[in-house]
Amino acid sequence: MTTLITIPARHGKAARLAAGHSVRIVNTHGQQVVDTWAFTAADLGEFMSMEHSRVAIGRIIPAVGDVLVTNRRRPILTLVADNSGGIHDTLFAACDRWRYELLGCVGYHDTCTDNLAAALKELGLAPPETPAPLNLFMNIPVVDGNRVEIRPPVSTPGSHVTLRAEIDCILAFSACPQDVVPINGLALTPTEAHFEVLG
Ligand SMILES: [Zn+2]
């Protein structure tokens, strides 16, 4: 038996994951980007790094079998299953207050950066910084070999990705609150997502 844990719309959630165990992230409503971070349990200063992972895997979107690495180039998560269409992003920074200010938002707007901090705080932890996330289900194609575009996710409701821990780690997820550009679909409506820790 496993338990589905809710990542509330516009908010974050964190969990501990032991080496050898896996987590399945479900795109419950199909159009929701889930920013994903992993920090080593022994030292939050060592975390899954997109820039180091791109070097390790030789591409910008991880595929099943690819091993993502830390900022010290050690394996931390392996992508072991994906039925979402295989479109994810490793290029874009997590959204933050300045992103929304530049987009013209007035007043407080939820952000993935704040969601990471809040999720870790529930575990009594604090992120040393906001690493570039693995943006699950986020569709940022490289066009004409150089330009990046923001497009709606291609994932379908209930599709999911499974990641296996290669080292004891702290995982954090944010159901991205982006509702200005179509990161979370043309409806511009962030939704909840779910995850479950597998044995
Ligand atoms: Zn976001």
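From a predicted model like this one, the values you see are computed outputs, not experimental measurements. (Residues numbered from 1 in each chain as written. Predicted model: local features only at pLDDT ≥ 70, side-chain atom pairs only at ≥ 80, totals over all residues. Heavy atoms only, no water.)

What about the side chain of N135?
Move 1: As for its placement among the helices and strands, N135 is situated in strand β8 (residues 134-136).
Move 2: Within the local environment of N135, its side chain forms a polar contact with the backbone oxygen of F92, the two atoms lying 3.0 Å apart.
Move 3: When residues no more than four places from it in sequence are discounted, the contact partners of N135 are V33, V34, D35, H88, D89 and F92. (Helix = DSSP H or I, 4+ residues; strand = E, 2+ residues; numbered from the N terminus. Polar contact = N/O pair within 3.5 Å; in protein donor to acceptor, adjacent residues only side chain to side chain. Contact = heavy atoms within 4.5 Å.)

Regarding the coordination of the zinc ion
A metal bound by six donors in octahedral fashion has ideal angles of 90 or 180 degrees, whereas one bound by four tetrahedral donors has an ideal angle of 109.5 degrees.
Move 1: Those donors, C95 (SG), C112 (SG) and C176 (SG), are the protein atoms that reach the zinc ion, and they lie 2.2 to 2.3 Å from it.
Move 2: In primary-sequence terms, the residues that donate to the zinc ion follow C-x16-C-x63-C. Separated by 64 residues along the polypeptide, C112 in helix α3 (residues 112-121) and C176 in the loop between β12 (169-175) and β13 (193-198) bring together distant segments of the chain. (Donors = N, O, S within 2.8 Å, 3.2 Å for Na, K, Ca; no water.)

Looking at the nonpolar core
Across soluble globular proteins, nonpolar side chains have a tendency to be buried as a group.
Move 1: If you look at the biggest cluster of nonpolar residues, it comprises 26 residues, and the most contacted ones within it are V23, I25, V34, M48, L77, L171 and F173.
Move 2: Taken together, the elements giving at least two residues each to this core come down to β2 (12-17), β3 (22-27), β4 (34-40), β7 (75-82), β8, β11 (159-165), β12 and β13.
Move 3: Here this core takes four residues from β12, the largest share from any one element.
Move 4: Excluding anything up to four places from it in sequence, M48 contacts T36, W37, A38, L68, V69, T70, I76, L77, P131, A132 and L134. (Core = buried A, V, L, I, M, F, W, Y, C linked by side-chain atoms within 4.5 Å. Buried < 20%, exposed > 50% of the residue type's maximum accessible area, 1.4 Å probe, protein only.)

A look at the packing of aromatic side chains
Think of a pair of aromatic rings as described by two things: how far the centres are apart, and how the planes are tilted against each other in angle.
Move 1: Considering all chains together, one arrives at two aromatic pairs under this definition.
Move 2: Aromatic side chains F39 and F47 sit 5.9 Å apart centroid to centroid with 65° between the ring planes, which places their arrangement in the edge-to-face category. Each of the two residues, F39 as well as F47, counts as buried.
Move 3: Centre to centre, the rings of F173 and F195 are 4.7 Å apart; their planes meet at 40°, and the pair counts as tilted. Taken together, the positions of F173 in strand β12 and F195 in strand β13 put the pair 22 residues apart, joining distant regions of the chain. Across the pair, exposure class does not vary: F173 and F195 are buried alike. (Phe/Tyr/Trp six-rings, centres within 6.5 Å; stacked < 30°, edge-to-face > 60°.)

Here we look at the pattern of salt bridges
Move 1: Following the criterion strictly, the structure yields 13 salt bridges and no others.
Move 2: E46 is the partner of R74 in a salt bridge, and the nearest nitrogen-oxygen pair spans 2.7 Å. One end of the pair, R74, is in the loop between β6 (67-69) and β7; the other, E46, is in strand β5 (residues 43-47), with 28 residues separating them in the sequence.
Move 3: With a shortest N-O distance of 2.9 Å, D66 and R59 are connected by a salt bridge.
Move 4: Classification of D66 as buried rests on a relative accessible area of 10%.
Move 5: A residue is classified by how much of its surface remains accessible, and R59, at 40% relative accessible area, is partly exposed. (Salt bridge = Lys/Arg side-chain N within 4 Å of Asp/Glu carboxyl O.)

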